[in-house]
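In case you want the letters, here they are:
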Amino acid sequence: MDDARHTPVLVAPVLALLDPQPGDTVVDVTLGLGGHAFRLASAVGADGLLVGMDVDVRNLQIAEQHLSSASCSTVFLRENFARMGEVLAEAGVSGADIVLADLGVSSTQLDESIRGFSFQQDGPLDMRMDDRLERTAADLVNQLPESALADLIYQNGQEHRSRRIAKEIVRERKVSGIRTTGRLSEVVCRALRVNPASRRSKIHPATRVFQALRVAVNDEMGVLDAFLDQVPRVLKPGGRVGVISFHSLEDGRVKWDFRARQKAGVYEILTKRPVQADDEEKRSNPRSRSAKLRVARRTEGHMD
Ligand SMILES: C[S@@+](CC[C@H](N)C(=O)[O-])C[C@H]1O[C@@H](n2cnc3c(N)ncnc32)[C@H](O)[C@@H]1O
């Protein structure tokens, strides 16, 4: 069932650690194209239930089609995982054996230039995973005061040259608005005085700025915190949660959340260190290079 456009990352450790069993209820809050979900659905079998959530309507449609042959019951919801608890209650799902979040963008989102996530292809500066959101990356780039823009680039992108970049953006936008990914990428390269074609570093000079804007447009840290908060109430005792993250801002939050809840007796951490792709997976699927999986098990005790 693999969609050639999106190969799920870390499939073997996801299945080994989340350990789906026949009859389990699985909640995949980042359904994407359904790569992980399909494998989890196969393992839970006819008596199991898969709940798939995504904010991206196109991905949800593709996943739904792919999962139409799954043997288990399925429920598909166009929802933000920040509302996971409420949404599951509304859908009548009373507890989950497995919760999986595979954060970030899917390759369909990166590959479609019109979505504006990629500096590799020119497109409108959008970056909304959910097209119901009002604010695009272009709005932030063209409207934020210089100091707020610099802070956003520094905090969400961990880019220490943020002030120089924000200054150049503001200079440029006074001349003509910055409306496309290509234009923004040029402005960042000019601010950093690098020629992307002859650069030495493996990562594109605009990578961190694009990450920063995407995180802000989709409030990625806010929704991750809201999600992490709800997981213990959604998981049945003994249930497992897995989170795959792609940058240290996300991974740090997951690490500290799991640790704090382990200390409080709510979780047992099953991954002392985050699980990463082996060399073969990194070679065959470049997206897996920065993936980190952390898994925790909800303890048997009661929660307040
Ligand atoms: C990396 S992809 C998931 C890929 C999926 N595991 C697979 O195997 O095909 C991440 C997906 O999560 C969705 N997403 C990101 N943030 C979300 C949020 N806050 N709530 C719901 N879905 C979200 C994106 O739209 C994207 O489709």
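Model, not experiment: these values are computed from the prediction.

Chemist: Just to check I follow, could you spell out the overall build of the protein chain for this structure?
Modeler: From N to C terminus, the protein chain includes 13 helices and seven strands. Radius of gyration (C-alpha) of the protein chain: 20 Å, near the 19 Å computed for a compact globule of 304 residues. Across the 304 residues of the protein chain, 45% fall into the buried class. In the protein chain, 68% of the contacts between residues at least 6 apart in sequence involve partners at least 24 apart.

Chemist: Could you clarify how one ought to interpret the domain arrangement of the protein chain in this entry?
Modeler: Interfaces are often sized by the amount of accessible area the parts lose when they come together. Along its sequence, the protein chain is carved into domain 1 (11-108 + 220-298) and domain 2 (134-217). The centre of domain 1, based on its C-alpha atoms, is set 31 Å off from the matching centre of domain 2.

Chemist: How should I be thinking about the sheet that holds strand 5 (residues 235-245) in this particular structure?
Modeler: Backbone hydrogen bonds are what pair the strands of a sheet, in a parallel or an antiparallel way. Judged by pairing direction, the sheet is mixed, and its seven strands sit side by side in the order 3-2-1-4-5-7-6 without closing on themselves. Each edge of the open sheet is held by one strand with a lone partner, namely strand 3 (73-77) and strand 6 (267-269). Neighbour to neighbour, the strand axes of the sheet diverge by 15 degrees on average, direction disregarded. Bridge analysis of strand 6 against strand 7 (residues 292-298) gives three bridges, and the strand direction is antiparallel. Within the sheet, the bridge partner assigned to Ile-269 lies in strand 7 and is Ala-296. Where helix 12 (residues 248-263) meets the sheet, it contacts strand 5, strand 6 and strand 7, and its direction lies at approximately 125 degrees from that of strand 6.

Chemist: What is the right way to read the pairing of strand 5 from this model?
Modeler: Strand residues, when the strand is regular, have side chains that alternate between the two faces of the sheet. Here strand 5 lies mainly inside the structure; eight of its eleven residues are buried. Bridging between strand 4 (residues 96-102) and strand 5 involves six bridges; their strand directions are parallel. In the sheet register, Leu-100 faces strand 5, and the bridge partner there is Gly-242. Of the pairings in the sheet, the one linking strand 5 to strand 7 comprises six bridges and is antiparallel in character. Looking at the pairing, Arg-240 lines up with Arg-297 of strand 7.

Chemist: Sorry, what's going on with the site of the ligand here?
Modeler: Near the ligand, the surroundings consist of 22 residues, among which Pro-8, Thr-30, Gly-32, Gly-35 and Asp-56 are the closest. Of the residues assigned to the shell around the ligand, the class counts are nine nonpolar, ten polar and three charged.

Chemist: Sorry, what's going on with helix 12 here?
Modeler: Its 16 residues give helix 12 an end-to-end C-alpha distance of 22 Å, which sits within 8% of 22 Å, the value for a rise of 1.5 Å per residue. Of the positions making up helix 12, those classed as buried are Glu-250, Asp-251, Val-254, Asp-257, Phe-258 and Arg-261. All buried residues of helix 12 project into a common sector of 130 degrees when viewed along the axis, lining one side. The outward face of helix 12, more than 90 degrees from its buried face, is lined by the exposed residues Ser-248, Gly-252, Trp-256, Ala-260 and Lys-263. At the C-terminal side of helix 12, Gly-265 shows a positive phi close to 80 degrees.

Chemist: Hey, could you run me through the environment of Ala-41 in this one?
Modeler: One can find Ala-41 in helix 2 (residues 35-44). The sequence separation of Ala-41 and Pro-124 amounts to 83 residues, and the corresponding C-alpha distance is 36 Å. For Ala-41, the residues in contact, after removing those within four places along its chain, are Leu-50, Leu-67, Ala-70 and Cys-72.

Chemist: What am I meant to see in the nonpolar core here?
Modeler: Nonpolar side chains in soluble globular proteins generally cluster together in the buried interior. Counting 52 residues, the largest nonpolar core has Val-27, Ala-41, Leu-50 and Val-99 as its most contacted members. Leaving out residues up to four positions away in the same chain, Val-27 has contacts with Val-51, Leu-88, Ala-96, Ile-98, Val-99 and Val-234. Core analysis: the next-biggest nonpolar cluster, separate from the first, contains 31 residues, Leu-149, Cys-189, Phe-210 and Val-217 among them.

Chemist: Is there a simple way to think about the packing of helix 1 (residues 11-18) against helix 2 in this case?
Modeler: Packed helices, taken two at a time, are described by their axes: the angle between them and the distance between them. At a closest axis distance of 11 Å, the pairing of helix 1 and helix 2 adopts a crossing angle of 40 degrees. Judged by the angle between their axes, helix 1 and helix 2 are oblique. Considering only the axes of helix 1 and helix 2, their crossing is right-handed. Of the residues in helix 2, those in contact with Val-11, Val-14 and Leu-15 of helix 1 are His-36, Arg-39 and Ala-43.

Chemist: Explain the environment of Gly-123 to me, please; I cannot follow it from the model alone.
Modeler: Inspection of the secondary structure assignment puts Gly-123 in the loop between helix 5 (107-111) and helix 6 (137-143). We classify Gly-123 as partly exposed; it has 18 C-beta atoms within 10 Å. In this structure the C-alpha to C-alpha distance between Gly-123 and Glu-168, which are 45 residues apart in sequence, comes to 20 Å. Excluding anything up to four places from it in sequence, Gly-123 contacts Ser-113, Ile-114, Arg-115, Gly-116, Thr-180 and Thr-181.

What counts and what doesn't
- Residues numbered from 1 in each chain as written.
- Predicted model: local features only at pLDDT ≥ 70, side-chain atom pairs only at ≥ 80, totals over all residues.
- Helix = DSSP H or I, 4+ residues; strand = E, 2+ residues; numbered from the N terminus.
- Rg over C-alpha atoms; globule rule 2.2 N^0.38 Å.
- Buried ≥ 20, exposed ≤ 12 C-beta atoms within 10 Å, placed from the backbone.
- Contact = placed C-beta atoms within 7 Å.
- Domains from an automatic or database assignment.
- Pairing = 2+ DSSP bridges.
- Axes fitted to C-alpha atoms, helices over the stretch in contact; angles between N-to-C directions.
- Near = placed C-beta within 6 Å.
- Nonpolar A, V, L, I, M, F, W, Y, C, P; charged D, E, K, R; others polar.
- Expected span 1.5 Å × (residues − 1).
- Arc of directions from axis to C-beta.
- Core = buried A, V, L, I, M, F, W, Y, C linked by C-beta atoms within 7 Å.
- Parallel < 35°, antiparallel > 145°, perpendicular 65-115°, else oblique.
- Left-handed = near helix turned anticlockwise from the far one by under 90°.

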